[in-house]
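# Observations on the model geometry
The primary structure of each chain is shown beneath.
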Amino acid sequence: MNGETHDQNQIQPGAGARQARRGGGAVLALTAALLTPGAANAAVENPAPVPLVSFTFDDGVASALTQAAPTLQKYGLTGTDYVPTSCVGMTTVPNTCRADTDLPHMTWDQITQLQNTYGWEIGSHTVDHQCLVSFGNDCQATKLTAAQVDAELADSKAALAAHGFNATAFAPPYGDYDMSVLAQVAKYYTSMRGFADVGNNVWPLGDLLLHNIPVQEVTTPVATLKAKVDEAIANKTWAVFTFHDIRPAPSQVPGDYQYGTAELDQLAAYVQTKVAAGQIKNVNISKGLVTGTPNMMPNPTFNNGLGDGWRTDAPATITADAASNGSYPDFAKSVKLVSGATASHLFSPAVPVSPTSSYVFKAFLNVAAITTGEVGFYVDEYNSAGTWISGQFRKVENTRWVESMNFTYTPTSTNVASASLQIAVSGTGITAYVDNVQMLALTAATTPVPPKRLNDFNGDGKTDLIARDASGELWLYPGTGAGDWFKRIDLGAGWNVMSTIVSAGDFNGDGKADVIARDKSGQLWLYPGTGTGDWSTRQNLGAGWNVMTSIVGPGTSTGTASRT
């Protein structure tokens, strides 16, 4: 659903936004950034493509515990069971479980046993096993509303949590979903396994649509399943098998979705030989994803809006959104991307990188509407002085789609000291949402911690200027990191009452750049920076400072020239 082609919409940050760069007034002298060496200890699951195999089972039927679990355990293997919560406890047949009225289902205690004794993962299969998009035939009679779909997802997760299961994996009943449903799934779960979406999964994966191999009597003999294991080994991919009911004497009708215990035993024995040989790894679903710590990206879920260094060149069309259009683990806030007359861009803060290391980016993307064009993902690269030196086009989405935009990144050269994610929107009729942006180091490397820039007033990782003009107006000149600045921002009038203005760096130790000013009566004032180009309520530091001939910080403005 995506490709990796053109990159004409990539821009160098700040290239077209340098206005009012030569204003009058006194400018604070700013110091260079200070780097403190630090170790980035990567702890990432699946940091490289390796062969994986998973056994998944749908519907929470009793045979998962009585047949499948002991069979897999015999060979040191585990599985994942996707449970429709309203069916739990229906131990007799016939029953009213929409999934299988003629099969007994596990109790909560038995599901706990599956997890605690056999090491299985428990995922969600909704509450009532209803079709989330379709209706009629095998589905319920009427189409579910968006609110009903949300209840199926949220209430199932809550029921599982109430019984001690932190379900982050989901599978839709009948494999029935569309993009609107997938956007709702992403609010509550980290992964969705499909059913009609057949095949092995290629690293670094698409978490919100994991492909699988549906297993049925007759149509998928053991030899076929062994071949999928061999394919995973040869191509370093992830084979996910989907079973339903396991029986000693299974039905030979494929549509009954049964499979023989002896056949499962043969497959498990084959997988065990490959595991023992170090050729493949058996994982539960959530352990197959690329996950880890630390997330190097500030404000990844946009709880601070477009703060902590995130910025845009199109504030009218790229905006902080608080309408619950995001993704797990905190879907309340995201960033809304709307196409305009020209291409627009969202920029992340620049993050220190090691040129000898590799990284993976992950981001939730919901292209809710699109007529023409695309949403493209780029990585901008900067040298140690903060100057843009190169960039890489990584991935694009040009259809109505919901996904986890996972891609790898390796710095272009040894000159790259930091990198920033750039999301470009170009075309017509585009409305998209982005959330949960992650940047993970795939290898442990010694890298600098984020530079502590003593005069980064707006929190974008670049040194800024503050100037006072002859009328007493104070101006912020946001630095571009390339020896220039963006359009200046008015910080307010009345500053001509101050005889001295000092760029104090981080004076109060909160990690944000502050300003100290002395008024003409000799009172000294601290203006605590907010990190967003403003400050909170000023604080009086005392009187009598007019006896001082100069007050020195990392940068000083006296209205004429700095004195030391």
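Cut-offs and rules
- Residues numbered from 1 in each chain as written.
- Predicted model: local features only at pLDDT ≥ 70, side-chain atom pairs only at ≥ 80, totals over all residues.
- Heavy atoms only, no water.
- Phe/Tyr/Trp six-rings, centres within 6.5 Å; stacked < 30°, edge-to-face > 60°.
- Helix = DSSP H or I, 4+ residues; strand = E, 2+ residues; numbered from the N terminus.
- Buried < 20%, exposed > 50% of the residue type's maximum accessible area, 1.4 Å probe, protein only.
- Lys NZ or Arg CZ within 6 Å of the ring centre and 35° of its normal.
- Expected span 1.5 Å × (residues − 1).
- Contact = heavy atoms within 4.5 Å.

For the protein chain, an unreviewed UniProt entry supplies the name Polysaccharide deacetylase family protein and the organism Pseudarthrobacter psychrotolerans.

Bringing the packing of aromatic side chains into the picture now. The final tally for this structure, using the stated rule, is 18 aromatic pairs. Their ring planes at 25° and their centres at 5.2 Å tell us that Phe170 and Tyr189 sit as a pair that is stacked. Residue Phe170 is found in strand β8 (residues 169-170), and its partner Tyr189 is found in the loop between α4 (179-188) and β9 (191-198); the two are separated by 19 residues along the sequence. Comparing Phe170 with Tyr189, the two get one shared label, buried. Taken together, the aromatic side chains of Phe55, Phe57, Trp120, Phe241, Phe243 and Tyr259 make up a single cluster linked through ring pairs. In this structure, Arg538 packs its charged tip against the face of Trp525, placed 3.5 Å from the ring centre.

On to the environment of Pro221. Within the element layout of this structure, Pro221 appears in the loop between β10 (210-214) and α5 (222-235). Along the chain, Pro221 and Glu263 lie 42 residues apart, while their C-alpha atoms are 8.0 Å from each other.

Right, let's get into the environment of Thr291. With respect to the helices, strands and loops of the structure, Thr291 is situated in strand β15 (residues 291-293). Taking relative accessible area as the criterion, Thr291 reaches 29% and is therefore assigned partly exposed.

Moving on, we come to helix α6 (residues 261-276). Compared with the 22 Å implied by 1.5 Å per residue over 16 residues, the 22 Å span of α6 between its first and last C-alpha is a close match. Regarding α6, the residues found buried are Thr261, Glu263, Leu264, Asp265, Leu267, Ala268, Tyr270, Val271 and Lys274. Packing partners of the buried residues in α6 comprise β5 (52-58), α1 (63-74), α5, β11 (238-243), β12 (245-247) and β13 (258-260). Following α6 by one or two positions, Gly278 has its phi on the positive side, about 75°.

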